[in-house]
Amino acid sequence: MYYVKKAIYGPDPAEQKRKVKAQIRRNQRELDKQLTGLQTTEQKTKTMIKAAAKRNDMKSARLLAREVFRAKKQKERLHRSKAQLNSVALQVDEAFALRKIEGTMKSSTLIMKEVSNLVKLPELMGTMNALSQELMKAGIIEEMVSDTLDTLDETEMFEDEEAEGEVDAILNEITGNKLNTADKVPSNMLPPTQKAAPVAAETAPEEEEDEDEELLNSMRERLKALQS
């Protein structure tokens, strides 16, 4: 009887609404999970920065501070996404309310725009695709073209000219300017071998870059282990 009724009258609006709302809640839980993980990782990274400061290891502290900066930017992005998802939930309620009054469902370009932005998030790609499918079945949005589904380039998102200034601010906040002052050692206090070090360093910039990259990769692996 249910399938006969569905074939004659179409999908049950109440059932469609339940499916859409369930998918929205699933995405909300995923965002909360990501935010909690980032918060935990950020706190543990700050502890590692303080430990590096005590060792006067400025290179490790700066690399870790960059990871804190990336975590902060990603949290900001996820909070914006959460607000967008909440907006979608409210608009879905309005769409179904209008359908109940008018008897027809009108597609929403605003919901479609917000959903297309949310689908780009690597953290929500799978669950947002499921939500978009349910929204299309309900007639709330139209089928989205493939070029709106390109994923975000996280490297472009986090690497900008202001990043170094933000990293300095993070270091100052966590260490109380300790690393800035530790790096300024009077030249007359250095032994002869250390005075000659800058000249030697200038002759091997590629080696320093390789060392920095290896250290950064090592730090990221430690952060992943902490988060898991």
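To start, this report covers the structure provided alongside it. Just so it is clear, the model here is predicted, and its values are computed rather than measured.

Cut-offs and rules
- Residues numbered from 1 in each chain as written.
- Predicted model: local features only at pLDDT ≥ 70, side-chain atom pairs only at ≥ 80, totals over all residues.
- Heavy atoms only, no water.
- Axes fitted to C-alpha atoms, helices over the stretch in contact; angles between N-to-C directions.
- Helix = DSSP H or I, 4+ residues; strand = E, 2+ residues; numbered from the N terminus.
- Parallel < 35°, antiparallel > 145°, perpendicular 65-115°, else oblique.
- Contact = heavy atoms within 4.5 Å.
- Nonpolar A, V, L, I, M, F, W, Y, C, P; charged D, E, K, R; others polar.
- Salt bridge = Lys/Arg side-chain N within 4 Å of Asp/Glu carboxyl O.
- Buried < 20%, exposed > 50% of the residue type's maximum accessible area, 1.4 Å probe, protein only.
- Core = buried A, V, L, I, M, F, W, Y, C linked by side-chain atoms within 4.5 Å.

**A short note on the packing of helix H3 (residues 58–102) against helix H7 (residues 163–175)**
Here comes step 1: Between H3 and H7, the shortest axis-to-axis distance is 9 Å and the interhelical angle comes to 110°. One way to sum up the angle between H3 and H7 is to call them roughly perpendicular. Counting all contacts with H3, which are made through Ala-61, Arg-62, Ala-65, Arg-66, Val-68, Phe-69 and Lys-72, the residues of H7 involved are Ala-163, Glu-164, Glu-166, Val-167, Asp-168, Ile-170 and Leu-171.
Here comes step 2: Each residue belonging to the contact of H3 with H7 can be placed in one class, and the counts come to 8 nonpolar, no polar and 6 charged.

**What to know about the pattern of salt bridges**
Here comes step 1: As enumerated under the stated definition, the model contains 14 salt bridges in all.
Here comes step 2: Among the ionic pairs, Lys-73 bridges to Glu-76, the shortest N-O distance being 3.9 Å. Residue Lys-73 and its partner Glu-76 are both found in helix H3; the two are separated by 3 residues, about one turn of the helix.
Here comes step 3: Given the relative accessible area of 41%, Glu-76 is considered partly exposed.
Here comes step 4: Residues joined in a network through salt bridges with shared partners are Glu-42, Lys-46, Lys-72 and Lys-75.

**Description of the packing of helix H2 (residues 13–54) against H7**
Here comes step 1: Running from amino to carboxyl end, H2 crosses H7 at an angle of 75°, the nearest separation of the two axes being 10 Å. Compared by their axis directions, H2 and H7 come out roughly perpendicular. Residues Lys-46, Ile-49, Lys-50 and Ala-53 of H2 pack against Leu-171, Ile-174 and Thr-175 of H7.
Here comes step 2: Along the lines of polarity and charge, the residues of the contact of H2 with H7 split into 4 nonpolar, 1 polar and 2 charged.

**Things to note about the side chain of Thr-45**
Here comes step 1: Considering the arrangement of structural elements, one finds Thr-45 in helix H2.
Here comes step 2: Taking the relative accessible area as the measure of exposure, Thr-45 reaches 2% and is therefore buried.

**Some remarks on the side chain of Lys-46**
Here comes step 1: Inspection of the secondary structure assignment puts Lys-46 in helix H2.
Here comes step 2: Given the relative accessible area of 17%, Lys-46 is considered buried.
Here comes step 3: Those residues in contact with Lys-46 that sit more than four places away from it in its chain are Val-68, Lys-72 and Ile-174.

**Some details on the nonpolar core**
Here comes step 1: One finds Ile-24, Val-92, Ile-111, Met-128, Leu-135 and Ile-140 to be the most contacted residues of the largest nonpolar core, which totals 25 residues.
Here comes step 2: Every element with two or more residues in this core is listed here: H2, H3, helix H4 (109–119) and helix H5 (125–138).
Here comes step 3: Residue contributions to this core peak at 8 residues, all from H3.
Here comes step 4: The residues contacting Val-92, other than those within four sequence positions of it, are Val-20, Lys-21, Ile-24, Ile-111, Leu-135 and Ile-140.
Here comes step 5: Formed by 13 residues, the second largest nonpolar core is a distinct cluster that contains Met-48, Val-68, Ala-163 and Ile-170.

Just geometry here; none of it tells us what the structure is for.
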